[in-house]
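Each chain is listed here by its residues.
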Amino acid sequence: MKLAMWTYEGPPHVGAMRIATAMKGVHYVLHAPQGDTYADLLFTMIERRDHRPPVTYTTFQARDLGADTAQLLQDACRDAVERFQPDALLVGASCTAELIQDDPGGLAEGMNLSIPVVPLELPSYQRKENFGADETLFQMVKRLAKPCPRDEQISCNLLGPTALGFRHRDDVAELTKLLGEMGIKINAVMPLNARLQDVERLGAAHFNVLMYPETAESAARYLERAFDQPFTKNIPIGVGATEDFLAEISTLTGLPVTVDRSRLRLPWWSRSVDSTYLTGKRVFIFGDATHACAMARIARDELGFQVVGLGCYNREGARKLRQLAEEFGVKGLVTDDHLEVEEAIVELVPELILGTQMERHIAKRLGTACAVVSAPVHVQDFPARFAPQMGFEGANVIFDTVIHPLVMGLEEHLLTMFREDFEFHDAAGPSHHGAKASKPIDNLMPMDEANVPNLGDGAPVWHQDAEQELKKIPFFVRGKARRNTEEYARERGVVEISRETLYDAKAHYAR
Amino acid sequence: MTAAPTKILKERGQHEVFCGLTSILWLHRKMPDAFFLIVGSRTCAHLMQSAAGVMIFAEPRFATAILEEGDLAGMDDMHEELDRVVAQLLSRRPDIKRLFLVGSCPSEVIKLDLEKAASRLHGIYDHVAICNFSGSGIETTFTQGEDQCLATLVSQLREGDEPNLVILGALPDVVEGQMKLLLSQMGVSNVHVLPTTNHDDDIWVGPNTSFMLTQPFLTDAWQMMTRRGATYIEAGFPFGAEGSYRWLRALVDAWGLELELFEQAVAKPYARAKDALARIRPELEGKSIFFMPDSQLEVPLARFLHEELGMRPMEVGMPYVTPGIHATDMDALPEYCLISEGQDVDLQLARVRKHRPDITVCGLGLANPLEAEGLTTKWAIELVFTPVHFFEQAADLAGLFARPLRRSGLLNMDAAE
Ligand code: SF4
């Protein structure tokens, strides 16, 4: 039994829904109680989909349990096929139905329906949403993809973009453009907007682009075995990673890398002098393993940040993440407990958090700048504009996203210079943020202090002159100055912090 | 008055409605000293955070003890595991005075006895009141979670002979305050409201207890009160000017209170509410409305919109109908209105498409798809989270329906030419 308040991933059948909802002409019959229909709102509200997800829930009740829940499932399958006329049917159970052991997949297969049935067995008490998506995609591909001759023109499949994915819609468009510039045709995108015919024809492609290992790694591996299709290992998020990806494709296909780099702006934006202030910013990164790892490389190599923490919530990506973390000289954090993530953040005192919606809430509480770079998603992660993460435009978007929550370079200097002026009073915050960032920073102090671990009895006491001096430091670095000074004092057994201690500490930490 | 609807269409098919766990979202706010521990699955935890829309609180006063593969092996171990989780929780949150163990579909299917667990745990933590109720989707829909919670609270009230009035239903504090003020101005004392904000409040029930409901979904709590000897004061629900007036008036009649004092107390708010509604009326009058079954508030709200604002209810769906509670409001609906109980969502959507009502009240899963078909919608969940009861909220309540209509009138994306 695990105590959970918020979760990064839903149950596995929600993963299956992400596949079914992404596709066209596929229906999912889910053996589940009525409350499980909440999952529809993830798609209609968060992603603003204008259609109900193609899911029929059997919505059995307590009084059905003694009677025939199996019949209920078969009726639901029959009705769904008749009413929605899908090309293929997915059939599975949610956590509750798993316990009553009706074997929905088997029952549906036994019905001799006129369309292919893909039974799903997703262990709800062991696995989670990403597994559910990956397994569902794998089962569909395994059951429905047919051997077929290779396309004449070099072509590939894009594997992994789902409904409710973090910027999947735009990543597909960006990769289609990049690959098109190299003369590579997209044979099929799977599952986003795919139909049964697309699944059947997956084998016509020369190779697969594994966009998101979280949702498509099993399918990619299967296609490699069954149809001898290699798949790409580089995830093209970030400038360097996109170049690696293009080089990998060039090796796979023998085609030269002929892409238009003129629209790539991140490198110059990052070199231009206004960005100097980004240097060495302490950043904490958390998300799914794919996005977290990609973001770490961007943060360090393309923006000049210092990565102080790196983690992911999906066990499946643990190895990859830990390896990279080690390379970065930090400890990889693999957990799906948001309280643990919060603890790590409090301890590491980053200046910027790149995370999920969960970290956004943590950041809000701690008064730290934050940008969302990974699922789980919320409604604001589905912008109306084109905003990919992958490829060159993705890099541009990421630059903007990551920089947005920070005080702008020139503005940072102005704030320091004019800090005594009332327009620039400490609580003003970045000027482009309106109300959001204008939290009076001093009010955060008590909470800040409460968060400093183990002050214990030996906590150093601040002299008034030191407190006064601290107030003169710009607000956005004051919290850090306070913590550094205390840390410095504690390490040296200094029990009273004077103005001198403050400047000793400042000198000590200067970089 | 027109003749009331006579027939109820009963349907059985796919339901599109939350389970009772969702009630915790407002119950926990109403009871700041309580913690709600759902014993369930990852699905239950995911429902809670999805229905909440965003993760609003650092550490909410609800959580899920997620059953894992290992737990399903043996019942003894499961109780031990639960004890461990509760210990972990209570040490983290020493401020908790009452703990609700909330049953879910998985815990009920495997027959995990939470009542037993609650009494065992109370033996260990005697400073914490521990009890249980069901919020599972196989037993309850949406607002029925509150019903189950209140039924449990009622069963635990002490016996008492002194006359009192118990009012059941969680209301936002501001509304509860308004209601209590009106009652005291009417000369009513010994008023108790369930759920209570404070666990230590002394509330009793007995042969001289009268009770009223502010929420129409409290069937089991209503039965439990009756079983414990209390007398129900029947009234339509206090929405709008007339609804609020009649609800209070029912108490005056039942208790033989002084009529003049009552009229004095309500005069101003009643007039204010009527004025405010008169201003909104032109926006809603004559407009047709369709309620998908969701919060159980459907019949009383349809009564309000029809009688006080002149709207035309085409179909009013309810997850279930309890005549003893809903009859008064239902009788005020027009004859042409179809009352439906239960749901087959696809058949019902077909009726929505046939009628093409001016506004459809539905759950979050259906709203955007219907809007995409050119139908204006109102999310039912907002009706549960917003203060809507009694005189001062009458206009706000009407506004919830007027706003989507006004908005569809405002948007114009055609070229100017
Ligand atoms: S319907 Fe049942 S399993 Fe689903 S969230 Fe509600 S209680 Fe949990």
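Residues numbered from 1 in each chain as written. Chains lettered and ligands numbered in written order. Predicted model: local features only at pLDDT ≥ 70, side-chain atom pairs only at ≥ 80, totals over all residues. Heavy atoms only, no water.

Enquirer: What is the right way to look at the overall build of chain A in this model?
Expert: Each helix and strand in chain A was counted, giving 22 helices and 15 strands. The long-range share in chain A, meaning contacts at least 24 apart out of those at least 6 apart in sequence, stands at 72%. In the form shown here, chain A has an accessible surface area of approximately 20,700 Å², with 50% of it arising from carbon and sulfur atoms. (Helix = DSSP H or I, 4+ residues; strand = E, 2+ residues; numbered from the N terminus. Contact = heavy atoms within 4.5 Å. Areas by Shrake-Rupley, 256 points an atom, 1.4 Å probe, with all protein chains shown as cover.)

Enquirer: Got a minute to help me understand the pairing of strand 2 (residues 34-40) of chain B in this structure?
Expert: Residues and elements named next belong to chain B. The buried fraction of strand 2 is high, at seven of seven residues. Side chains Ala 34, Phe 36, Ile 38 and Gly 40 project from strand 2 onto one buried face, and the interleaved Phe 35, Leu 37 and Val 39 project onto a second face that is buried too. With six bridges connecting them, strand 2 and strand 4 (residues 98-103) associate as parallel partners. For Phe 36, the partnering residue across the bridge sits in strand 4 and is Phe 100. Pairing between strand 2 and strand 3 (residues 62-66): five bridges, direction parallel. If you follow Val 39 over to strand 3, its bridge partner there is Ala 65. (Buried < 20%, exposed > 50% of the residue type's maximum accessible area, 1.4 Å probe, protein only. Pairing = 2+ DSSP bridges.)

Enquirer: Just to check I follow, could you spell out the packing of aromatic side chains for this structure?
Expert: Any aromatic ring pair is given by two values, namely how distant the centres are and how the planes are angled relative to each other. All names here are of chain B. One pass over the structure, following the stated rule, counts 17 aromatic pairs over all chains. Residues Phe 211 and Tyr 232 carry aromatic rings whose centres are separated by 5.2 Å and whose planes lie at 35° to one another, so their mutual orientation is tilted. One end of the pair, Phe 211, is in strand 10 (residues 209-213); the other, Tyr 232, is in strand 11 (residues 231-232), and 21 residues separate them in sequence. Residue Phe 211 shares its accessibility class with Tyr 232, and that shared class is buried. (Phe/Tyr/Trp six-rings, centres within 6.5 Å; stacked < 30°, edge-to-face > 60°.)

Enquirer: For this particular structure, what's the right way to read a nonpolar patch on the surface?
Expert: Residue and element names in this part refer to chain B. On the surface, Leu 410, Leu 411 and Met 413 cluster together to form a nonpolar patch covering roughly 380 Å² of accessible area. Topologically, Met 413 is positioned in the segment after helix 16 (394-410). Since its relative accessible area comes to 71%, Met 413 is described here as exposed. (Patch = residues over 30% accessible without salt bridge, like charges linked within 9 Å, V, L, I, M, F, W, Y side chains within 5 Å. Salt bridge = Lys/Arg side-chain N within 4 Å of Asp/Glu carboxyl O.)

Enquirer: What should I look at first to understand empty space enclosed by the protein in this one?
Expert: To find leftover empty space, one rolls a probe the size of a water molecule over the atoms. Scanning the model with the defined rule gives five cavities of 30 Å³ or more in all. The volume enclosed by the largest cavity comes to roughly 390 Å³. Secondary-structure elements contributing two or more residues to the lining of the largest cavity are helix 2 (39-46), helix 7 (129-144), helix 10 (213-227) and helix 16 (357-366) of chain A together with helix 2 (42-51) of chain B. Among the elements that make up the lining of the largest cavity, the one with the highest residue count is helix 2 of chain B (three residues). (1 Å grid on protein atoms, 1.4 Å probe; cavity = no way out; pocket = protein on both sides within 12 Å on 5 of 7 lines; lining within 4 Å. Points joined across faces, edges and corners; volume = space filled by probe spheres on them.)

Enquirer: Explain unusual backbone geometry here, please?
Expert: Most peptide bonds adopt trans geometry, and most residues besides glycine take a negative phi value. Cis rather than trans, the peptide bond between Ala375(A) and Pro376(A) has omega equal to 5°. Locating Pro376(A) in the fold gives a position in the loop between strand 13 (369-372) and helix 17 (391-403). A cis amide bond links Leu194(B) with the next residue in sequence, Pro195(B), at an omega value of 0°. Locating Pro195(B) in the fold gives a position in the loop between strand 8 (191-194) and strand 9 (204-205). Even without a glycine there, the phi angle at Gln85(A) is positive, about 45°. Summarising the element assignment, Gln85(A) is placed in the loop between helix 4 (69-84) and strand 4 (88-93). Here the phi dihedral of Gln296(B) falls at roughly 80°; this positive angle occurs in a residue that is not glycine.

Enquirer: When you look at the sheet that holds strand 11 of chain B in this model, what are you seeing that I'm missing?
Expert: The strands making up a sheet associate through hydrogen bonds between their backbones, and the pairing can be parallel or antiparallel. Residues and elements named next belong to chain B. Reading across the sheet, the four strands line up as 8-7-10-11 and stay open at both edges, with parallel pairing between neighbours. Of all strands in the sheet, those with a lone pairing partner are strand 8 and strand 11, marking the two edges. Pairing geometry for strand 7 (residues 164-168) and strand 8, over four bridges, is parallel. Bridged to Leu 168 within strand 8 is Leu 194. Its contacts with the sheet place helix 7 (residues 173-185) against strand 7 and strand 8, and it is angled at close to 160° to strand 8. Here helix 8 (residues 219-227) sits on the sheet in contact with strand 7, strand 10 and strand 11, set at roughly 170° to strand 10. (Axes fitted to C-alpha atoms, helices over the stretch in contact; angles between N-to-C directions.)

Enquirer: I keep staring at the interface of chain A and chain B and nothing clicks. Help me out?
Expert: Accessible area lost when the parts come together is the quantity often used to give the size of an interface. On the side of chain B, 64 residues touch chain A, which itself brings 57 residues to the contact. In total, chain A and chain B occlude about 5,300 Å² of area from one another, counting both sides; carbon and sulfur atoms represent 62% of this. Its largest share of buried area at the contact with chain B, chain A owes to Met1(A), Trp6(A) and Tyr125(A), together 19% of the area lost on that side. Counting the contacts that link chain A with chain B gives four salt bridges. On the surface where chain A and chain B come into contact, there are 24 residue pairs in polar contact (both at pLDDT 80 or more). (Buried area = accessible area lost by both parts, 1.4 Å probe. Polar contact = N/O pair within 3.5 Å; in protein donor to acceptor, adjacent residues only side chain to side chain.)

Enquirer: Would you mind going over helix 7 of chain A with me for this structure?
Expert: Since the α-helix packs 3.6 residues into each turn, any two residues three or four apart lie on the same face. In this model helix 7 of chain A runs 22 Å from its N-terminal to its C-terminal C-alpha over 16 residues, within 8% of the 22 Å that 1.5 Å per residue would give. With respect to burial, helix 7 of chain A is a largely interior element, 14 of its 16 residues being buried. (Expected span 1.5 Å × (residues − 1).)

Enquirer: Would you take a moment to explain the packing of helix 1 (residues 12-22) of chain A against helix 2 of chain A for this structure?
Expert: For any two helices packed against each other, one specifies the crossing angle of their axes together with the interaxial distance. Residues and elements named next belong to chain A. Interhelical geometry of helix 1 versus helix 2 gives an angle of 45° and a closest axis separation of 10 Å. One finds that helix 1 runs oblique with respect to helix 2. Between helix 1 and helix 2 lies a crossing whose hand is right-handed. Along the contact surface, helix 1 presents Val 14, Met 17, Arg 18 and Thr 21, while helix 2 presents Ala 39, Asp 40, Leu 42 and Phe 43. Across the contact of helix 1 with helix 2, the residue classes break down as five nonpolar, one polar and two charged. (Parallel < 35°, antiparallel > 145°, perpendicular 65-115°, else oblique. Left-handed = near helix turned anticlockwise from the far one by under 90°. Nonpolar A, V, L, I, M, F, W, Y, C, P; charged D, E, K, R; others polar.)

Enquirer: For this particular structure, what's the right way to read the domain arrangement of chain B?
Expert: Residues and elements named next belong to chain B. Split into domains, chain B comes out as domain 1 (8-15 + 278-416), domain 2 (20-140) and domain 3 (158-263). Placing the centre of domain 2 and that of domain 3 at their C-alpha centroids yields a distance of 29 Å. Carbon and sulfur atoms make up 55% of the surface buried where domain 2 meets domain 3, a total of about 780 Å² over both sides. Considering only the surface of domain 2 that becomes buried against domain 3, Lys 30, Lys 97 and Arg 98 emerge as the three largest contributors, covering 62% of it. Here domain 2 and domain 3 share three salt bridges between them. Here Glu 176 and Lys 30 are joined by a salt bridge, their closest N and O atoms 2.8 Å apart. The tally of links between domain 2 and domain 3 comes to six residue pairs in polar contact (both at pLDDT 80 or more). (Domains from an automatic or database assignment.)

Enquirer: What is the right way to read the environment of Ala216(A) from this model?
Expert: Residue and element names in this part refer to chain A. Position of Ala 216 relative to the elements: it lies in helix 10. By relative accessible area, which is 0% here, Ala 216 ends up buried. Ala 216 sits 144 residues away from Arg 360 along the chain, and the two C-alpha atoms are 27 Å apart. When residues no more than four places from it in sequence are discounted, the contact partners of Ala 216 are Asp 134, Leu 137, Leu 159, Gly 160 and Leu 210.

Enquirer: Would you take a moment to explain the site of the ligand for this structure?
Expert: Inspection of the region around the ligand gives 13 residues, with Gly35(A), Asp36(A), Cys19(B), Cys44(B) and Cys105(B) positioned closest. The environment of the ligand is shared, with nearby residues belonging to chains A and B. Broken down by secondary-structure element, the contributors of at least two residues to the shell around the ligand are helix 2 and helix 4 (105-109) of chain B. The residue inventory of the shell around the ligand, partitioned by class, reads seven nonpolar, five polar and one charged. (Near = heavy atom within 4 Å.)

Enquirer: Help me understand the pattern of salt bridges, please; the structure alone is not making it clear to me.
Expert: Tallied over the full model, the rule gives 51 salt bridges over all chains. Note that Arg221(A) and Glu217(A) form a salt bridge whose closest N and O atoms lie 2.7 Å from each other. Remark: Glu217(A) and Arg221(A) occur in helix 10; sequence separation between them is four residues, near one turn of the helix. Judged by its relative accessible area of 38%, Arg221(A) falls in the partly exposed class. According to the relative accessible area criterion, Glu217(A) is partly exposed, its value standing at 28%. Residues Glu159(B) and Arg228(B) are paired through a salt bridge, measuring 3.2 Å at the closest nitrogen-oxygen approach. Placement of Glu159(B) in strand 6 (residues 158-159) and of Arg228(B) in the loop between helix 8 and strand 11 is noted, with a sequence separation of 69 residues between them. Since its relative accessible area comes to 55%, Glu159(B) is described here as exposed.

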